[in-house]
Structures are given as C-alpha cells and as structure tokens.
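Per-entry structural report
This is what each chain is made of:
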Amino acid sequence: MKKTEQLLSRLLNNFPEVDFDKIKNAPYEPMHAHDDITNPYNIEKKPSLMKKHFGRIITFILAVFIFIGFEIYDNKLTHTVISIDSDTTVNIRLNSKGDIIKVKAYGKNENTINRIDYSNLSTKDMVNQTVNVLILSNEISKENPYVIIGVNSSDKSFAKTAFDIYAKEIEDISDDKDIDCRIISQGGNYSLALDRLAKKYNTSLAKISLAKEIVTINNQYVLEDIIDMPLSQIYDLVSKNYEAIKELRQKDKQECIIEIFDYDEDNDDNEDDD
Amino acid sequence: MLLLVLEQQSLVQREDVKIDEKLFLAISNGDNEAFEKLYLKTKKSLYAYVFSITKDVYLTQDIVSDTYIKVRNAAHLYVEMDKPMAWMFTIAKRITLNYYRKDSKRTEYEKGEDINTFSYVTDPTLKIVLKAALEILNEEEREIVLLHTYAGLKHREIALDLGIGLSTELSKYHRALKKLKTYLLNEGVSV
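From a predicted model like this one, the values you see are computed outputs, not experimental measurements. (Residues numbered from 1 in each chain as written. Chains lettered and ligands numbered in written order. Predicted model: local features only at pLDDT ≥ 70, side-chain atom pairs only at ≥ 80, totals over all residues. Heavy atoms only, no water.)

1. What to know about the overall build of chain B
- Of regular secondary structure, chain B possesses nine helices and zero strands.
- Residue burial in chain B is summarised as follows: out of 191 residues, 51% are buried.
- About 9,200 Å² of surface is accessible on chain B, with carbon and sulfur atoms providing 53% of the total. (Helix = DSSP H or I, 4+ residues; strand = E, 2+ residues; numbered from the N terminus. Buried < 20%, exposed > 50% of the residue type's maximum accessible area, 1.4 Å probe, protein only. Areas by Shrake-Rupley, 256 points an atom, 1.4 Å probe, with all protein chains shown as cover.)

Here you go:
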C-alpha cells in the first residue's frame, strides 16, 4: 500500500500551486455577519424537496384551483342543459336568462360543433346548426335516423315544455331533407350529480338519464353498455320499456317526461296517450 | 532511500497540520503573517479537498483562492469549535457548488478536466495514477485518500473534518487503496 500512497502524494506535488500573493493582495472586506458560504452551522444543508420543486408545486396547485374554479363557475352558472345525441353527443348549457354559456360536443363531429360561434345565437338556432352539421356529415341520415334530444333544467316547467319545441325543430329540419327521424325526447330536472355523471362518461345528460333508467329496469345491462350502444338499439330499448320508464320517473317524483317520435310498433298507442 | 525520505516527509507533515484557532483572531486583526501561516498549514488539505470535487486543477486554484479570501474576510466571525479545517472545507464546498450553480452551461461536473490536458504530469506512471484517482475512486474516496496521502492529515482528523466516523473513514480509505492497487497492477505499474 505504501507505494500507492507515495505515488498519490507525488502526483499532487506535480500540480501547479495556488498563487498566494494574489490571495494576500486581494482587498480585505470584513463581513458584517456570516453569509450562506461562511455560516459554520447548517453545514451541508440540502435543498428541501419543497424548495427544489417549488415552481412545479405552485403551478400544480394553481392548475388545480383554476380547474376547480372553472368547474364551480360552470356548474353554478348552468341553469339548463340541452342535449342532442346521435353518434356525436352535444351538451348546450344555458344560464338562467336562457343565454348559451357553453357548448361541448364529444365524438365524430366534436371539432366542427365545438367551433360554432354561439355568442349571438339563440338556443333554437344553435340546435338548428348542430342538427344541420349532423345531417350534412351523414350522422343523421335515412339509414341512421335516430336522435335523442333532452332538456334538463332547474326550471321544471321550462323542461316540460322546451324539449318538445326542440324535438319539433329537429323533426322539421330532417323532414326538409327527407329524413324520417326517430326521436327520443325528454325533459327533466337538472342536477349537479347527473351533470357530473354525464361528464364522467363524456356523454349527454339525456343519454345518461336514459341509461340509468334502462339499467334499473333491465338488470342485465350496466351503464357502460347503454352509453356505448348504437342509438337504434337504445331507441328500441326505450320504446319497449317506455311505460316502465314513465312509471319509474313518476315513482321517483322526477317530474320527467319522455316521448318517442315515430315509433312504428306501437306508435298509435303513444299518440292515443298524447 | 528515496522511499524512506518520502515517508519521513509524510510523517513530519502529519505532525504539523494541527491549526491553532487563535490564528483566526490574529487574521481578523490584520496580521498577515498569521494569514500566511494558516495558508501554509492548510494549503495542501484544501487543495486536495477541492481537487477531489472538481477534478480540475485550474478550477481548484480559483476555488482555493476564493476560499482563503472568504476565510480572511470572515475570520473575526469564526467561533472556536475545534474544527477549523471542517469550517474551511465547508466554505470551499459551498463556493464550488455556487460556481456550478452559476455556471449552468457547464455540464461536465462529474467529468472534470480531461485527463489528457494534465500537461504538468509528465511521468507516465503518474498519469496512470491520476487516471485511476479520477476514474476509479468516487468523490469521497478521493477526498479521504488525497487528504491522507498528499495533505498528510491523520485518519482521525479526516473523519472529524468530513463529519464521518473514524471506522467508516478507515474502511473507505483501505477500500479505495485496494481499488487503486488493483487498477495500477492491471496497468502494469509495480506497487
């Protein structure tokens, strides 16, 4: 070992020395107090994780607050949600004055619909433009004429009447294009819980309401089955369970109304009911 | 004979490295002789310590200079704790870390100076030893080995100054020497 130690010692003796004169002649500036360099305490203090990632933590906290803020803002302002479902799902949010505050689409035509400038549009115009996009892109066609329209509102009386107006609007537009639309239309209460559930599944309030009811009536299904189901199948399921759904809604005192347009099998019965 | 002289030199150095803490008081009173005395007593230790971290001779010279200037400017603030060398090491390390923080473009902290640029080491054997010290040993092993072999600090002093246990210091020292010896033998150096 001695030889190794001597070699190491000899090695550093070959290194150039520090110029002490330069050090000696450096200005003497006595410090008033210890700084971070000379402080004899707190030796080897490592930066805490908090300090090290301070920027990231603050950004994350801000992002969370902004997200929560937007959620609260959205939900507080939302008075009514008008939902339109074909392959694309559209939620049109209205404030208590009936102005559109947000339009959010999911699915095939989401980009086109999310880009519609709704700032100066009435709700009826927005529904009109949405349905036109769906028809022009062949989402609603003679082969696939199924649509769900729903109005969920904090104002129960508005919900009860408005859904019918929008259903008629869709029917008129599709009639012009020679499409015999099959529409499930419904009005119901707006609740935060339902809204959150719809957001969770990226679907509409109308579809999630129906899905919940179908699952309650037919326990062979789970919520995801209905949400992913083609509208033609949902239409058949709702038609077959129409009375049960109505009964369920009355039982739950939801004051919700459901109508089915152009259902072939027992269309006459429905019309009689009306 | 040469080996005997070197060993004696090493022993003499180890007896002399104890620093009188009163030196700091004298330095704070403007005593340049005291400052020079402190420099002569500690220059090898500080040099070995900083070089172990930087692996760069020119950077080591700058940091050692800055450390002495800082020590002189803070000498009147020195509190006797029987660990003056530990204090100086701390200052040197903090200056080194500050240097790397400021010089963010420098990305080769671990690499240090290129082995080929150590032009002042002309002896081929010493070149191999240098390469071994820089590449085979980690920073702490390098500190311990150089402080003992070059600066002549006793193991107890090194343990105290680096804030580690004596047994840890000894085992690290012997492990480092063993690593070096193995490497040097593989490179054909007789040790």
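Back to the write-up after that little detour.
2. A word on the overall build of chain A
- Of regular secondary structure, chain A possesses 13 helices and six strands.
- Going through the 274 residues of chain A one by one, you find that 43% of them count as buried.
- If you take every contact in chain A between residues at least 6 apart in sequence, the share linking residues at least 24 apart comes to 58%.
- Carbon together with sulfur atoms contributes 50% to the accessible area of chain A, which is approximately 15,200 Å² in total. (Contact = heavy atoms within 4.5 Å.)

3. Topic: the interface of chain B and chain A
- Contacts between the two partners involve 58 residues from chain B, matched on the other side by 40 residues from chain A.
- Between chain B and chain A, a total of about 4,600 Å² is buried, with carbon and sulfur atoms accounting for 65% of that surface.
- Considering only the surface of chain B that becomes buried against chain A, Arg72(B), Arg94(B) and Leu126(B) emerge as the three largest contributors, covering 14% of it.
- Linking chain B to chain A there are four salt bridges.
- Taking the shortest distance from any N to any O, the salt bridge between Glu36(B) and Lys24(A) comes out at 4.0 Å.
- Summed over the shared surface of chain B and chain A, the result is 21 residue pairs in polar contact (both at pLDDT 80 or more).
- Those elements that provide at least two residues to the side of chain B that touches chain A are helix 1 (2-16), helix 2 (22-28), helix 3 (32-54), helix 4 (57-74), helix 5 (84-102), helix 6 (124-135), helix 7 (139-149) and helix 9 (166-186) of chain B.
- By residue number, the principal contributor to the side of chain B that touches chain A is helix 4 of chain B, which donates ten residues.
- Here the side of chain B that touches chain A is composed, by residue class, of 35 nonpolar, twelve polar and eleven charged. (Buried area = accessible area lost by both parts, 1.4 Å probe. Salt bridge = Lys/Arg side-chain N within 4 Å of Asp/Glu carboxyl O. Polar contact = N/O pair within 3.5 Å; in protein donor to acceptor, adjacent residues only side chain to side chain. Nonpolar A, V, L, I, M, F, W, Y, C, P; charged D, E, K, R; others polar.)

4. Some details on the pattern of salt bridges
Residues and elements named next belong to chain A.
- This model, assessed by the stated rule, comprises eleven salt bridges over all chains.
- Residues lysine 24 and aspartate 21 are paired through a salt bridge, measuring 3.8 Å at the closest nitrogen-oxygen approach. On the criterion of helical spacing, the pair formed by lysine 24 and aspartate 21 is a turn pair, its members being three residues apart in helix 2 (residues 20-24).
- Residue classification places lysine 24 among the partly exposed residues on the basis of a relative accessible area of 28%.

5. Some words on the packing of helix 7 of chain B against helix 8 (residues 155-162) of chain B
Residue and element names in this part refer to chain B.
- Orientation of helix 7 relative to helix 8, taken along the N-to-C sense of each, is 135 degrees, at an axis distance of 10 Å. By the angle between their directions, the pair helix 7 and helix 8 is classed as oblique. When the axes of helix 7 and helix 8 are compared, the crossing they make is right-handed. Touching Glu143, Ile144, Leu147 and His148 of helix 7 are His155, Ile158 and Leu162, all from helix 8.
- Residues belonging to the contact of helix 7 with helix 8 are distributed by class as follows: four nonpolar, two polar and one charged. (Axes fitted to C-alpha atoms, helices over the stretch in contact; angles between N-to-C directions. Parallel < 35°, antiparallel > 145°, perpendicular 65-115°, else oblique. Left-handed = near helix turned anticlockwise from the far one by under 90°.)

6. Things to note about the packing of helix 1 (residues 2-13) of chain A against helix 6 of chain B
- Close contact between helix 1 of chain A and helix 6 of chain B brings their axes to 10 Å; oriented N to C, the two are set at 95 degrees. Between helix 1 of chain A and helix 6 of chain B, the angle is such that the two are roughly perpendicular. When helix 1 of chain A is examined against helix 6 of chain B, the residues Leu7(A), Leu8(A), Arg10(A) and Leu11(A) are found in contact with a partner set consisting of Thr125(B), Leu126(B), Val129(B), Leu130(B) and Ala133(B).

7. Thoughts on helix 12 (residues 242-251) of chain A
All names here are of chain A.
- Among all positions of helix 12, only Tyr242, Ile245, Leu248 and Arg249 are buried. Each buried residue of helix 12 lies within a common arc of 130 degrees when the element is viewed along its axis, so the set occupies one face. Turned more than 90 degrees away from the buried face of helix 12 sit Glu247, Gln250 and Lys251, all of them exposed. (Arc of directions from axis to C-beta.)

8. Topic: the pairing of strand 2 (residues 89-94) of chain A
All names here are of chain A.
- Burial analysis of strand 2 places six of its six residues in the buried class, which makes it a mostly covered element.
- Pairing between strand 1 (residues 80-85) and strand 2: six bridges, direction antiparallel. If you follow valine 81 over to strand 2, its bridge partner there is arginine 93.
- Following strand 1, the chain reverses through three residues before pairing antiparallel with strand 2. (Pairing = 2+ DSSP bridges.)

9. Considering the pairing of strand 3 (residues 100-106) of chain A
Residues and elements named next belong to chain A.
- Relative to strand 3, strand 2 runs antiparallel, the two being bridged by six bridges. From the neighbouring strand, arginine 93 faces strand 3, where its bridge partner is lysine 102.
- The antiparallel pairing of strand 2 with strand 3 creates a hairpin that spans five residues between the two strands, and glycine 98 there sits at a positive phi of about 90 degrees.

10. Points about the nonpolar core
- Phe15(A) and Phe118(B) are the most contacted members of the largest nonpolar core, which has 68 residues in total.
- The residues contacting Phe15(A), other than those within four sequence positions of it, are Tyr47(B), Phe51(B), Val57(B), Phe118(B), Tyr120(B), Val121(B) and Leu130(B).
- Among the nonpolar cores identified, the runner-up in size contains 30 residues, and Ile84(A), Val103(A), Met126(A) and Ile135(A) belong to it. (Core = buried A, V, L, I, M, F, W, Y, C linked by side-chain atoms within 4.5 Å.)

11. Topic: a nonpolar patch on the surface
- Judged by side-chain polarity, Phe60(A), Ile61(A), Val64(A), Phe65(A), Phe67(A), Ile68(A) and Ile72(A) come together as a nonpolar surface patch covering roughly 700 Å² of accessible area.
- Relative to the helices and strands, Ile72(A) is located in helix 4 (residues 54-77). (Patch = residues over 30% accessible without salt bridge, like charges linked within 9 Å, V, L, I, M, F, W, Y side chains within 5 Å.)

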